[in-house]
Amino acid sequence: MTGLQPEAIAANLTGVRERIAEAARAAGRNPAQITLVAVGKTHGAEAIAAALAAGQKVFGENRVQEAEAKFPPLKAAHADLILHLIGPLQTNKVREAVALFDVIETLDRPKLAKALAKEMVKSGRRPDCLIQVNTGEEPQKAGVPPRQADDFIAFARGELDLPVTGLMCIPPADEEPALHFALLAETATRNGLAQLSMGMSADYETAIRLGATHVRVGSAIFGARQPR
Ligand SMILES: *Cc1c(COP(=O)(O)O)cnc(C)c1O
């Protein structure tokens, strides 16, 4: 199986951007308030390069090692490339993650928060952090339980001085995502956090209606995921 041709990736990007703008206008929002995070996981560096050539600057990857294999040359060639980590982060990968990523969307436990704070002091790099909330309280899924979110936000921001800028969620696959997006938005408002990373290929328009500032879109841009 091979990935999409560069022209197809460029056309998909145009289509997704148009739908984002449309959804923003329908919600009475400025389309410029919404950042498209293009998720290229499982796709090769040539797919990312095609998106860059089509003007896309913000990317998401869910594995540190895969991102380390693909992104350093692309970042060297494109100083304005912004890379988000959107998958679980193990504490033994914190050093690599802080070095490579500009935004870490998956801060979800005290041990990781402490390790990130320590590494940020050591390295002098301070990638923005989003706190992942497990809105569906799914045992197999990462994220802070919704009832512990306020305390965890206060701990990460207050006690550890982490640069927490917002919240992120991945709703359960079999539930109406709008309820989860609304819960995430409420939690962010209550805690004075401006950024909301929510919505994927199947539901980013719903997420925009409910206040998403970042949508993470993979297959609608790059096609079906490739075998790793
Ligand atoms: C893969 C992934 C996405 C993108 O999913 P698509 O359905 O392909 O758009 C978004 N967010 C996270 C956390 C992911 O792992």
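Structure shown above.
Please read all numbers here as calculations on a predicted model, not as lab measurements. (Residues numbered from 1 in each chain as written. Predicted model: local features only at pLDDT ≥ 70, side-chain atom pairs only at ≥ 80, totals over all residues. Heavy atoms only, no water.)

Examining the side chain of T42
Next, step 1: Mapped onto the elements of the fold, T42 is located in the loop between strand 1 (35-39) and helix 2 (45-53).
Next, step 2: On the basis of relative accessible area, T42 is assigned to the buried category, the value being 13%.
Next, step 3: Here Q226 takes part through its backbone nitrogen, which lies 2.9 Å from a polar atom of the side chain of T42. (Helix = DSSP H or I, 4+ residues; strand = E, 2+ residues; numbered from the N terminus. Buried < 20%, exposed > 50% of the residue type's maximum accessible area, 1.4 Å probe, protein only. Polar contact = N/O pair within 3.5 Å; in protein donor to acceptor, adjacent residues only side chain to side chain.)

Concerning the site of the ligand
Next, step 1: In the neighbourhood of the ligand, the contacting residues comprise V39, K41, I86, M168, I170, M200, S201, R216, V217, G218, S219 and R225.
Next, step 2: In this structure, S219 approaches the ligand through a main-chain N or O atom, which is 2.8 Å from an oxygen atom.
Next, step 3: Side-chain polar atom of R225 to an oxygen atom of the ligand: 2.8 Å apart, as the coordinates give it.
Next, step 4: Surface burial for the ligand is 90%, taken as the share of its 390 Å² of free accessible area covered by protein chains.
Next, step 5: Using a 2 Å cut-off from the grid points, one finds that the ligand occupies the largest pocket. (Near = heavy atom within 4 Å. Areas by Shrake-Rupley, 256 points an atom, 1.4 Å probe, with all protein chains shown as cover. 1 Å grid on protein atoms, 1.4 Å probe; cavity = no way out; pocket = protein on both sides within 12 Å on 5 of 7 lines; lining within 4 Å. Sits in = over half its atoms within 2 Å of the grid points.)

Observations regarding the nonpolar core
Next, step 1: Within the largest apolar cluster, 63 residues are counted, with the highest numbers of intra-cluster contacts made by F59, L107 and L116.
Next, step 2: Counting residues per element, this core draws most heavily on helix 1 (residues 6-26), which supplies six residues.
Next, step 3: Apart from the residues within four sequence positions on either side, L116 is in contact with L89, V94, V98, I104, L107, C129 and L162. (Core = buried A, V, L, I, M, F, W, Y, C linked by side-chain atoms within 4.5 Å. Contact = heavy atoms within 4.5 Å.)

Considering the environment of L183
Next, step 1: With respect to the helices and strands, L183 occurs in helix 7 (residues 177-190).
Next, step 2: Not counting residues within four places of it along the chain, the set of residues in contact with L183 comprises T135 and P146.

Topic: helix 7
Next, step 1: The end-to-end C-alpha distance of helix 7, which contains 14 residues, comes to 20 Å, matching closely the 20 Å that a straight helix rising 1.5 Å per residue would cover.
Next, step 2: Restricting attention to buried positions, one finds in helix 7 the residues P177, A178, H180, F181, L184, A185, T187 and A188.
Next, step 3: Next to the buried residues of helix 7 lie helix 6 (149-159), strand 6 (164-168), strand 7 (195-197) and helix 8 (204-209).
Next, step 4: Its side-chain oxygen placed 3.1 Å from the backbone nitrogen of A178, E176 serves as the N-cap of helix 7.
Next, step 5: Positive phi shows up at G192, right after helix 7, with a value of about 65°. (Expected span 1.5 Å × (residues − 1).)

Looking at the pairing of strand 3 (residues 82-85)
Regular strands show a simple pattern: their side chains alternate between the two faces of the sheet.
Next, step 1: In this sheet, strand 3 lies alongside strand 2 (residues 58-61) in parallel orientation, the contact comprising four bridges. In the strand pairing of strand 3, V58 is matched with I82.
Next, step 2: Judged from the two bridges that link them, strand 3 and strand 4 (residues 103-107) form a sheet pairing that is parallel. When the sheet's bridge partners are listed, H84 is paired in strand 4 with V103.
Next, step 3: Following the chain from strand 3 across helix 4 (residues 94-100) to the adjacent parallel strand 4, one finds a crossover that is right-handed. (Pairing = 2+ DSSP bridges. Right-handed = clockwise from strand over helix to strand, strands pointing away.)

A closer look at the layout of surface pockets
Next, step 1: Approximately 530 Å³ is the volume attributed to the largest pocket.
Next, step 2: Lining the largest pocket are 26 residues; nearest its centre among them are K41, I170, M200, R216 and R225.
Next, step 3: Across the lining of the largest pocket, the residue classes tally to 12 nonpolar, eight polar and six charged.
Next, step 4: Within this model, the second largest pocket holds a volume of roughly 160 Å³.
Next, step 5: Together, G3, L4, Q5, P6, I9, H43, G44, E46, A47, A50 and Q226 line the second largest pocket.
Next, step 6: At the level of elements, helix 1 and helix 2 are the ones that each hand at least two residues to the lining of the second largest pocket. (Points joined across faces, edges and corners; volume = space filled by probe spheres on them. Nonpolar A, V, L, I, M, F, W, Y, C, P; charged D, E, K, R; others polar.)

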